[in-house]
Amino acid sequence: MWMLTRNGVFSVKSSYRKLVELKNVNSTFDEEASKLWKKLWDIPTLPKFKHFLWKCMIDVMPSNERMARVMGYTGDQYKMCQNGTEITKHILWECSFSREVWTTRPGERRSMMNPDTSVQEWIKSWFNSEFSQIEDDWIVKMANTTWEIWKECCKCVFDNARPNPVGVIKSIELLNATTGQKMVHKHQTEVYVIDSGTSVTKWMPPSSPYYSICCDASFKSVNNVEHSGWGLICRDFAGQFIRDECIYANGIVNAEEAECKGLIQAMQVAENIELQMVCFELDAKLVIKAVNGDIQVVAWQNQVLIFRDKVFFRKTSFMGLQIFK
């Protein structure tokens, strides 16, 4: 019979509590450490990121060097750069790949100018850094960048993927756009909707007092040269023509990116002519679905563009999206 539970059945929870109790019998309460852990767990980012930082702080990250200490594992060279021992500090900071990522974030890079600083001391310094007072969500951005570097290391080690600093930087930007205070402040109302009913084959004007902006993008590759552009037409609820626009674009990689940027262009037009009650109509179902919450349906390269769309919708009232075919 297990004496630590009322029903006499063993549980991991009761065992853990007993071990903590025994550990704390001869230890004193560390108020400073308690405050640090509270700050760490209160960071407005995803729980797995905070758990990752906690593991860094207590030095239990599964690096080759740590496994060599604990399990007698041999082969501690860092696979990503083949230069240096795979310790947590090298992965997150000293590796040439990591430095390349940190170079794009000047404020973050200056946070570890002392080469003798440990990872634990480095993370601890975030909460007292002047940068956290100057820039909103600076600590969150530090956590996001650190996590993405670690995740890219795992891809390299376990999936034999080539390090991709551009992809990591874009992923960091994506995280920065969705974490921090944006996770704390809830929007009172949704300002965008989606009509996923039957396909519309004939254009109908919106209800009064809405304006309609129909936008579409084109993309074509000819002899390995990509050609793209987008066009739009703006009309009021009576069907009266307001404005049109056509733009040729360079540097577009695929049709989905063209559709995302086409929607951004339509929003900029609405903002320039000071329209507020607007229904944007387009035929890109995935783009509309991504703007309305399921961002994973579009390629990761285009997710930053989707966030630009979402930010615009959230700062402007009475706008909506509709599928038009």
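Worth saying up front: this structure is predicted, and the values here are computed from it rather than measured. (Residues numbered from 1 in each chain as written. Predicted model: local features only at pLDDT ≥ 70, side-chain atom pairs only at ≥ 80, totals over all residues. Heavy atoms only, no water.)

Points about the packing of aromatic side chains
Reasoning step 1: In this structure the tally under the stated criterion is nine aromatic pairs.
Reasoning step 2: Their ring planes at 40 degrees and their centres at 6.0 Å tell us that phenylalanine 52 and tryptophan 150 sit as a pair that is tilted. Remark: tryptophan 150 occurs in helix H10 (residues 138-159) and phenylalanine 52 occurs in helix H3 (residues 47-57); sequence separation between them is 98 residues. Taken individually, phenylalanine 52 and tryptophan 150 each receive the classification buried, so the pair is uniform in this respect.
Reasoning step 3: Taken together, a centroid distance of 5.4 Å and an interplanar angle of 55 degrees make the contact between tryptophan 93 and tryptophan 122 tilted. With tryptophan 93 in helix H5 (residues 88-94) and tryptophan 122 in helix H8 (residues 119-126), this residue pair connects regions lying 29 residues apart in the sequence. (Phe/Tyr/Trp six-rings, centres within 6.5 Å; stacked < 30°, edge-to-face > 60°. Helix = DSSP H or I, 4+ residues; strand = E, 2+ residues; numbered from the N terminus. Buried < 20%, exposed > 50% of the residue type's maximum accessible area, 1.4 Å probe, protein only.)

Some words on the pairing of strand E3 (residues 241-249)
Residues in a regular strand point their side chains to alternate faces of the sheet.
Reasoning step 1: In the sheet, strand E2 (residues 225-235) pairs with E3 via eight bridges, with the strands oriented antiparallel. The residue of E3 that forms the bridge with arginine 235 is phenylalanine 241.
Reasoning step 2: Between E2 and E3, which pair antiparallel one after the other, the connecting turn spans five residues, and glycine 239 there sits at a positive phi close to 85 degrees. (Pairing = 2+ DSSP bridges.)

Focus on the nonpolar core
Reasoning step 1: Core analysis: the biggest nonpolar cluster contains 39 residues, and Phe52, Leu53, Leu92, Trp122, Ile123 and Trp126 have the highest contact counts within it.
Reasoning step 2: When residues of this core are traced back to their parent elements, those giving at least two are helix H2 (31-41), H3, H5, helix H6 (96-103), H8, H10 and helix H11 (165-178).
Reasoning step 3: In terms of residue count, H10 provides more of this core than any other element does, ten residues in total.
Reasoning step 4: Look past the residues within four positions of phenylalanine 52 in its chain and what remains in contact with it is Met61, Leu92, Thr146, Trp147 and Trp150.
Reasoning step 5: Among the nonpolar cores identified, the runner-up in size contains 28 residues, and Ile264, Ala270, Val287 and Phe307 belong to it. (Core = buried A, V, L, I, M, F, W, Y, C linked by side-chain atoms within 4.5 Å. Contact = heavy atoms within 4.5 Å.)

Some thoughts on the environment of isoleucine 273
Reasoning step 1: Turning to its location among the elements, isoleucine 273 is positioned in the loop between helix H13 (255-272) and strand E4 (278-282).
Reasoning step 2: A sequence separation of 30 residues divides isoleucine 273 from arginine 243, and the C-alpha atoms of the two residues are 9.4 Å apart.
Reasoning step 3: Those residues in contact with isoleucine 273 that sit more than four places away from it in its chain are Cys234, Ile242 and Arg243.

Some thoughts on the pattern of salt bridges
Reasoning step 1: If you walk through the whole model with that rule in mind, you get seven salt bridges.
Reasoning step 2: With its nearest N and O atoms 3.4 Å apart, the salt bridge here joins glutamate 148 to lysine 151. Here the residue glutamate 148 and the residue lysine 151 both occupy positions in helix H10, the gap between them amounting to three residues, near one helical turn.
Reasoning step 3: We note a salt bridge from lysine 261 to glutamate 257, for which the minimum N-O separation is 3.1 Å. Linking lysine 261 with glutamate 257, this pair stays in helix H13, spanning four residues, or about one helical turn.
Reasoning step 4: Given the relative accessible area of 27%, lysine 261 is considered partly exposed.
Reasoning step 5: You can call glutamate 257 buried: its relative accessible area is 11%. (Salt bridge = Lys/Arg side-chain N within 4 Å of Asp/Glu carboxyl O.)

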